[in-house]
Amino acid sequence: RRGQGTGGDEEGGDGAGDAPLCSGAAQPVPVPVRRAPLPSGEGAGDGAVPTPLLRQDEQLELLERLDFVLKNVMELKKEVEELRNSLQHLAVEIVGEVRNHLEETQRVTRRRKIPFSRDRSDSTGSSSIYFTASSGNINTDDGESEGGYTTANAESDYDRESERESEDEVSCDTVRTVRRDSLDLVPEDENPLLVDSLLEEGLGQLLEQADRLHSGDEQDRREGFQLLLNNKLAYAGQREFLWRLARAHCDMWELTEDAEERRSYATGGKEELELALQKWDQSAECHQWFAILCGRVSEQESIPKRIQAGYVFKEHIDKAIALKPQDPQLYYLLGRWCYQVAHLGWLEKRTVSALFEAPPTATVQDALQNFLRVEELSPGFSKAGRVYIAKCYRDLGNASAALLWMDLASELPGNTKEDAESEKELQEMRSV
């Protein structure tokens, strides 16, 4: 309700919540003031003037903040999706690895318990494990000897023995016979000291030949692997033999292109050294090649497994350096590890932070110090080492030093597959 005032002025009626109105031109124009909305039923008169809650600049600021929040939500959603896919992939890999491990364990168990082929035509005087008695002539009709003892030549018994292969044991006579045939040892009735001496001499010659083949071309390295594999039965208890056998597995990994064969070679060598390290924990070579093979096994694995393998690699390389501090190869390997850790990608760093309380840390400067240590111990040790030094200086912003070491790397010949890859990197660095 509105009352008519004198002098042309309008004044509010008896509604306590009515909005004030301007009475004339002489009155100043009121400035809109922001205020909280009144309760329902109050101030709802016809003269109520709505006013904006936010100024234009505040509205723009709010929109910018909302846009920022939306972008972060989208990025978070993307990261969650990537993590979920990674976990699904990891679960599939774990199931596959468990299945493969069980199958491999069964195969290894059968091979270890039955290392020799059996001959069904052995005579009754043989030491073959198929015989339960050594007297009487064989009757192939019913599988019974004249003394009533069952022999291996009975077909039904042979089949039953084949089903119980995992419970058989190899006789000592058979082991000695195989060793004598493969190593041309003197007969067993000779002086035991002479036999041991010949075994040690044969091992020394074998190791020299294995080292020579390892330093040769592709065919030599294949022959070296087969040579060590053929003599594994005789020298499986020798430390110097075992780490060279593991090294030969690593050679075969490098010479093979098929992913499954590579994995098989790397896993086989790693298993050899797992047993060796239980007995010879103070062997620098065992620690070195175990670390290398751990890296080989993990190359086709998921990011968490590669990172876990990196921990193992670093642990064993550190032990090897403590046992053999003047070996340039060990510092080269440690430099490679530092360089890779320093260049971990964004996803790898996030994975490390999420899965490990103490993630591995290393810088390009750490890598450079190790590569320079290699040159200090053995100048011109490898083409790859000098290329890495050049890369470290480039990453650190020292262009002149990087160019110097690129020239020094070019002076060395490329003898290995790794050197050939380093030469390609060198050409790419020069073209930049």
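About the thresholds
- Residues numbered from 1 in each chain as written.
- Predicted model: local features only at pLDDT ≥ 70, side-chain atom pairs only at ≥ 80, totals over all residues.
- Heavy atoms only, no water.
- Helix = DSSP H or I, 4+ residues; strand = E, 2+ residues; numbered from the N terminus.
- Contact = heavy atoms within 4.5 Å.
- Expected span 1.5 Å × (residues − 1).
- Buried < 20%, exposed > 50% of the residue type's maximum accessible area, 1.4 Å probe, protein only.
- Arc of directions from axis to C-beta.
- Axes fitted to C-alpha atoms, helices over the stretch in contact; angles between N-to-C directions.
- Left-handed = near helix turned anticlockwise from the far one by under 90°.
- Nonpolar A, V, L, I, M, F, W, Y, C, P; charged D, E, K, R; others polar.
- Core = buried A, V, L, I, M, F, W, Y, C linked by side-chain atoms within 4.5 Å.
- UniProt positions renumbered as here; feature names shortened; annotations may be inferred.
- Salt bridge = Lys/Arg side-chain N within 4 Å of Asp/Glu carboxyl O.
- Parallel < 35°, antiparallel > 145°, perpendicular 65-115°, else oblique.

A.B. asks: If you had to explain the side chain of D419 to someone new, which residues and values would you point to?
C.D. replies: Counting through the fold element by element, D419 comes out in helix α16 (residues 417–431). Setting aside its immediate chain neighbours within four residues, D419 contacts K383, A384, P413 and G414.

A.B. asks: For helix α13 (residues 364–377), give the residues involved together with the corresponding values.
C.D. replies: Compared with an ideal rise of 1.5 Å per residue, which puts 14 residues at 20 Å, α13 spans 20 Å between its outermost C-alpha atoms and is within 8% of the ideal. Looking only at α13, the buried set comprises V364, A367, L368, N370, F371, V374 and E375. Burial along α13 is one-sided: seen end-on, the buried residues are contained in an arc of 165°. On its buried side, α13 packs onto α11 (328–342), α14 (383–395) and α15 (399–410).

A.B. asks: Give a description of the packing of α13 against α14 that names residues and reports values.
C.D. replies: One can describe the packing of α13 onto α14 by two numbers: an axis separation of 9 Å at closest approach and a directional angle of 145°. Seen from above, α13 lies across α14 with left-handed handedness. Side by side, α13 and α14 meet where V364, A367, L368, F371, L372 and E375 of the first sit next to G385, R386, Y388, I389, C392, Y393 and D395 of the second. Taken together, the residues of the contact of α13 with α14 sort by class into 9 nonpolar, 1 polar and 3 charged.

A.B. asks: Give a description of the nonpolar core that names residues and reports values.
C.D. replies: In terms of nonpolar packing, the biggest core is built from 67 residues, with F241, L273 and I317 touching the most fellow members. Element by element, the count of residues in this core is highest for helix α7 (residues 239–255), at 10 residues. Apart from the residues within four sequence positions on either side, F241 is in contact with L203, L206, L207, L228, N231, K232, Y235 and A236.

A.B. asks: Any chance you could break down the UniProt feature "coiled-coil region" (unreviewed entry) in the protein for me, citing the residues and the numbers?
C.D. replies: Residues annotated by UniProt as "coiled-coil region" (unreviewed entry) correspond here to residues 66–93. Overall, residues 66–93 shows 100% helix and 0% strand. The separation of its end C-alpha atoms is 41 Å.

A.B. asks: Give me the lowdown on the environment of L347, citing residues and values where you can.
C.D. replies: As for its position among the elements, L347 is in helix α12 (residues 346–355). When the C-alpha positions of L347 and E79 are compared, they lie 9.3 Å apart, and in sequence the two are 268 residues distant. If we skip the residues at most four places from it in the chain, L347 touches E82 and I303.

A.B. asks: Account for the pattern of salt bridges, with residues named and values stated.
C.D. replies: Within this structure, the stated rule accounts for 30 salt bridges. In this structure, R239 and E240 form a salt bridge, with 3.3 Å as the shortest nitrogen-oxygen distance. Between K305 and E301 there is a salt bridge; the shortest N-O distance is 3.9 Å. Of the two residues examined, K305 and E301, each falls in the buried class.

A.B. asks: Tell me about the packing of helix α10 (residues 303–323) against α11, and please be specific about residues and values.
C.D. replies: The geometry of α10 relative to α11 is characterised by a closest axis approach of 10 Å and an angle of 150° between their N-to-C directions. Classified by the angle their axes make, α10 and α11 are roughly antiparallel. The hand of the α10/α11 crossing is left-handed. Residue-level inspection shows G310, F313, K314, I317, D318, A320 and I321 of α10 in contact with α11, the latter providing L330, Y331, L333, L334 and W337. Grouping the amino acids of the contact of α10 with α11 by side-chain chemistry returns 9 nonpolar, 1 polar and 2 charged.

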